[in-house]
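Listed below are the residues making up each chain.
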Amino acid sequence: MANNVDFKVDRANVERYKIKCRNHDCGFRLHASYRKRSDSWVIGYISQDHTCVNTNVSQDHRKLSYDIICQEILHLVDKDPSLKVKTIISHIVSTYNYTLSYRKAWLAKTKAIELVYGNWEDSYKRLPRFLFALQIYSPGTVTILETLRAQSPDGTCLQGNVIFHRLFWAFRPCVQGFAYCKPILQIDGTWLYGKYKETLLMAVAQDRNSNIFPVAFALVEGETAGDRHASIEIVYNNPANGWQNPPSTHVYCIHYIAQNFMREIKDNALRKTLVNSGYALTQPKFQYYRHEIVAANPDAECSYAHQDPLALLSPIYKAGTLLGVYNNAFRVMAKEDYWPAYEGDVVWHNDNMRRKKRGRPNSTQIITEMDHEKMVRKCGICREVGNNKNTCPNRGATSTNN
């Protein structure tokens, strides 16, 4: 690789290994054999150096495979799993003086992560043991694992095997710290960009300084803004959950009100007015923005617009209460070698949740209704919808402005 030359394998088996230059006019040869006595490979013959001259200097090398790159960056991935691909390319340039393609560097990083942390399928199998150890080393942690029955292709139930469906967990320090946070519980989610397309839901609160404090987490197959609010209301109305004592109120997130507004009204200017009404601190200001919306679009009158804004006053802003949020420490969890054995069902991955497309996602942006205005493509010449630079009637027209 240092001389930018290449070879091909002429013969390879358990006893012999022969290579020669890819250029037929070059006389480079190398023969090696396996010696049982020393349990090693020994070079028996090597000809002269390469006599060929490669005039086509490439930025990459055929023998610089992603397997070699994986071994080179293994220690880097072990320290930082979020290592950027461009950092890997720069590291290989400084080590081998070759510039990799983005795809080869990404494949090398994927394989290195698998060697360090295991593959996706094995992670599902290790999950029950991890949850079992988590409850032992961190007492009070709540974990709920929901699974589906595993079936063979003929429909027979496979005993001792289940398929991952959903997971909920909440650490005890987070649950205890929530008692000292603002009496508001917010729920949001994010799509996962791994091999399987689950959604991570998070229930978070805020301390008196408006710092985000995580309370609970959940992995589900997917969710929408509509079914999220229905699920929250069901949980809120359940007397066994204690939300009615002391009295509390279920309110909507302004982000998803605006998202539903764009789904029905599709007016970006009124969406900003709606968001301003949600952040209004006084009733007159709220009524002002509400009248602005109704005057601009009478169809935008929503059923919940008649509700008065709720002002929450709480002793949560005291300094002693703030200390109580972070006064609960996490216990140190032992290494995996010391975890207790798990003898339950084997958890398998769900093939239906696997991403069909191979490789990394082309984009990390997931389009929603709030991005409707950004998705409208306008002509680069007349800035009108429905035209482009090739079909624009003003194409080639000269400007009359001096």
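What you see is a predicted model; the values in this text were computed from it and never measured. (Residues numbered from 1 in each chain as written. Predicted model: local features only at pLDDT ≥ 70, side-chain atom pairs only at ≥ 80, totals over all residues. Heavy atoms only, no water.)

**Examining the packing of helix H8 (residues 254-264) against helix H9 (residues 268-278)**
Stage number 1. H9 packs onto H8 with a crossing angle of 155° between their chain directions and a minimal axis gap of 10 Å. By the angle between their directions, the pair H8 and H9 is classed as roughly antiparallel. As for how H8 packs across H9, the hand of that crossing is right-handed. Judged by residue contacts, Ile254, Ile257, Ala258, Phe261 and Met262 of H8 engage Asn268, Leu270, Arg271, Leu274, Val275 and Gly278 from H9. (Axes fitted to C-alpha atoms, helices over the stretch in contact; angles between N-to-C directions. Helix = DSSP H or I, 4+ residues; strand = E, 2+ residues; numbered from the N terminus. Parallel < 35°, antiparallel > 145°, perpendicular 65-115°, else oblique. Left-handed = near helix turned anticlockwise from the far one by under 90°. Contact = heavy atoms within 4.5 Å.)

**Comments concerning the pairing of strand E6 (residues 157-170)**
Stage number 1. The pairing of strand E5 (residues 142-151) with E6 spans nine bridges and is classified as antiparallel. When the bridges of E6 are listed, Leu148 appears paired with Ile163.
Stage number 2. Connecting E5 to the next strand, E6, in antiparallel fashion are five residues, including Gly155 with a positive phi near 90°.
Stage number 3. Sheet topology places E6 next to strand E10 (residues 346-348); three bridges connect them, and they run parallel. Across the sheet, the residue bridging to Val162 is Val347, located in E10. (Pairing = 2+ DSSP bridges.)

**So, H8**
Stage number 1. When H8 is considered as a whole, its buried residues turn out to be Ile254, Tyr256, Ile257, Ala258, Gln259, Phe261 and Met262.
Stage number 2. Lys266 sits one or two positions beyond H8 and adopts a positive phi of about 55°. (Buried < 20%, exposed > 50% of the residue type's maximum accessible area, 1.4 Å probe, protein only.)

**Overview of the nonpolar core**
Stage number 1. With 24 residues, the main nonpolar core has Phe164, Leu167, Trp169, Phe171, Phe213 and Leu219 as its most contacted residues.
Stage number 2. For this core, the secondary-structure elements that each account for two or more residues are helix H5 (120-137), E6, strand E8 (199-206) and strand E9 (212-220).
Stage number 3. By size, the runner-up hydrophobic cluster in this structure holds 15 residues, among which are Cys70, Val77, Ile88 and Ile89. (Core = buried A, V, L, I, M, F, W, Y, C linked by side-chain atoms within 4.5 Å.)

**A word on the pattern of salt bridges**
Stage number 1. Throughout the structure, instances matching the rule amount to five salt bridges.
Stage number 2. Arg166 is paired through a salt bridge with Glu221; the nearest N and O atoms lie 2.8 Å apart. In this pair, Arg166 is assigned in strand E6 and Glu221 in the loop between E9 and helix H7 (225-237), connecting sequence segments 55 residues apart.
Stage number 3. Within the structure, one salt-bridge network assembled from shared partners comprises Glu146, Arg166 and Glu221. (Salt bridge = Lys/Arg side-chain N within 4 Å of Asp/Glu carboxyl O.)

**Description of the pairing of strand E1 (residues 7-12)**
Stage number 1. As judged from the five bridges shared by E1 and strand E2 (residues 16-21), these two strands associate in the antiparallel manner. Across the sheet, the residue bridging to Lys8 is Lys20, located in E2.
Stage number 2. What sits between the antiparallel neighbours E1 and E2 is a turn of three residues.

**Quick look at the packing of helix H3 (residues 85-96) against helix H4 (residues 102-117)**
Stage number 1. It is the contact of H3 with H4, at a shortest axis distance of 9 Å, that shows an interaxial angle of 100°. The pairing of H3 with H4 is recorded here as roughly perpendicular in orientation. From H3, Val85, Ile88 and Ile89 reach across to H4, where they touch Tyr102, Ala105, Trp106 and Lys109.
Stage number 2. Residue composition of the contact of H3 with H4, grouped by class: six nonpolar, no polar and one charged. (Nonpolar A, V, L, I, M, F, W, Y, C, P; charged D, E, K, R; others polar.)

Functional significance is not addressed by these values, which are geometric in nature.
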